[in-house]
Amino acid sequence: MSDEKKLEEETKTLTQRVKQAMPDPLVNITEDVSDRIRNITQSNTEDASSIGQRVRQVMPDPLVNMTEDVTDRLKNMTQNIPTEQVNEFVKEVAGNIDAQAIQKSIQNRVTNILTPSTNNRVYTGLADLPHGHASNQITEGCLVLEGGAFRGVYTSGVCDALMKSDINLRTTIGVSAGGLNGIGYVAGQIGRCGWVNLKFANDPHYVGAQALRKNGGVIGFDYLFTTINKEWPIDDIRFNAPNRRFLVAATNCETGEVEYFERGKCSDIYKAIQASATMPYISLPVEVDGTPYLDGGCSVHSIPMGIG
């Protein structure tokens, strides 16, 4: 038997054996996974454990516990079969593609891998969050956004629903988490506020020890407005557009009374938002124009009222 014929037979045998080793849901694996396998198998310098680790990272949940037998076969395929036949092998295993659930799982898994945090747990449904921009239609009225720490994720969902329905109210007033949600609503960025908290809630630079060391509080506002903002920047042009009003409530630590900071009329609206969302006892006060402030919920019971 010629070498070419022998290699062809070995390829067919290997294909069949790998198919047998893979669980049934992966017979119709998506092209996304196929491309990633192809990239892995073309790197001949990697050993079996490295290949296995990378395969597990990009595979959906059904493949996280893929057998070592399959990993070994991928290694053998890398070493023994030319790139052209590797590509043919991948196409054959991929078969007919009709696996939206698997593709979503892959997208979520890759999103988690690319998260610039230190292996923190990330919400697995990021790919399903709404995205887009609100229309320029303005609805007369005022939206009051309550505080409540990470319960504000529910508020962000309501804001997204309003924007998707072209309900962009003229005035927005927020306190604490409501002030943070107000950024995305006034900027017309559907999905952004929910994305921030669901993706970075377990990142210690955003919430936890690192934030406490750098910001003197439990929330890392510097990380929020710099590192996180680079991933999904705030639309500053639309956020600062004069056709809408945006205010946040904070508690003046010297008087104990609520004060309202309005975008365009205060020196730094982002510093005012930070003050509005800085929880007492576990955070140091935030100075705005030389005056110390804390969470607006201290003085307005989480609902910012009393502004005309």
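Residues numbered from 1 in each chain as written. Predicted model: local features only at pLDDT ≥ 70, side-chain atom pairs only at ≥ 80, totals over all residues. Heavy atoms only, no water.

## Some remarks on the packing of helix α10 (residues 192-200) against helix α12 (residues 221-231)
The interhelical angle for the contact between α10 and α12, taken along N-to-C directions, is 105 degrees, at an axis separation of 12 Å. With respect to α12, the axis of α10 lies roughly perpendicular. Contact residues: R192, W195, V196, K199 and F200 in α10; Y223, L224, I228, N229 and E231 in α12. For the contact of α10 with α12, the residue count by class is six nonpolar, one polar and three charged. (Axes fitted to C-alpha atoms, helices over the stretch in contact; angles between N-to-C directions. Helix = DSSP H or I, 4+ residues; strand = E, 2+ residues; numbered from the N terminus. Parallel < 35°, antiparallel > 145°, perpendicular 65-115°, else oblique. Contact = heavy atoms within 4.5 Å. Nonpolar A, V, L, I, M, F, W, Y, C, P; charged D, E, K, R; others polar.)

## Notes on the pattern of salt bridges
Under the defined criterion, the tally for this structure stands at five salt bridges. R170 is the partner of E140 in a salt bridge, and the nearest nitrogen-oxygen pair spans 2.5 Å. Within this pair, whereas E140 is found in strand β2 (residues 139-145), its partner R170 is found in strand β3 (residues 169-175), the two being separated by 30 residues in sequence. Between E262 and R245 there is a salt bridge whose closest N-O contact spans 2.8 Å. In this pair, E262 sits in strand β6 (residues 258-262) while R245 sits in strand β5 (residues 245-252), placing the two residues 17 residues apart along the sequence. By relative accessible area, which is 12% here, E262 ends up buried. (Salt bridge = Lys/Arg side-chain N within 4 Å of Asp/Glu carboxyl O. Buried < 20%, exposed > 50% of the residue type's maximum accessible area, 1.4 Å probe, protein only.)

## Quick notes on unusual backbone geometry
Positive phi values are uncommon outside glycine, yet A149 reaches one of about 55 degrees. For A149, the position within the fold is in the loop between β2 and α8 (152-164).

## Here's the deal with the packing of α8 against helix α9 (residues 177-187)
For any two helices packed against each other, one specifies the crossing angle of their axes together with the interaxial distance. Where α8 meets α9, the axes come as close as 10 Å, and the angle between the chain directions of the two elements is 25 degrees. Taken together, the axes of α8 and α9 lie roughly parallel to each other. Note that α8 runs across α9; the crossing there is right-handed. Between α8, through G152, T155, S156, C159, L162 and M163, and α9, the contact on the second element is made entirely by A177, N181, G184 and Y185. The residue inventory of the contact of α8 with α9, partitioned by class, reads five nonpolar, five polar and no charged. (Left-handed = near helix turned anticlockwise from the far one by under 90°.)

## With respect to the nonpolar core
One finds W195, Y206, I228 and F239 to be the most contacted residues of the largest nonpolar core, which totals 32 residues. Mapped by element, the contributors of at least two residues to this core are α9, α10, α12, β5, α14 (269-276) and β7 (286-288). In contact with Y206, not counting residues within four places along its chain, are F150, V196, N197, F200, A201, A211, V218, I219, G220, Y223, L224 and I228. Membership of the second largest hydrophobic core comes to nine residues, among which are A134, L143, L162 and I190. (Core = buried A, V, L, I, M, F, W, Y, C linked by side-chain atoms within 4.5 Å.)

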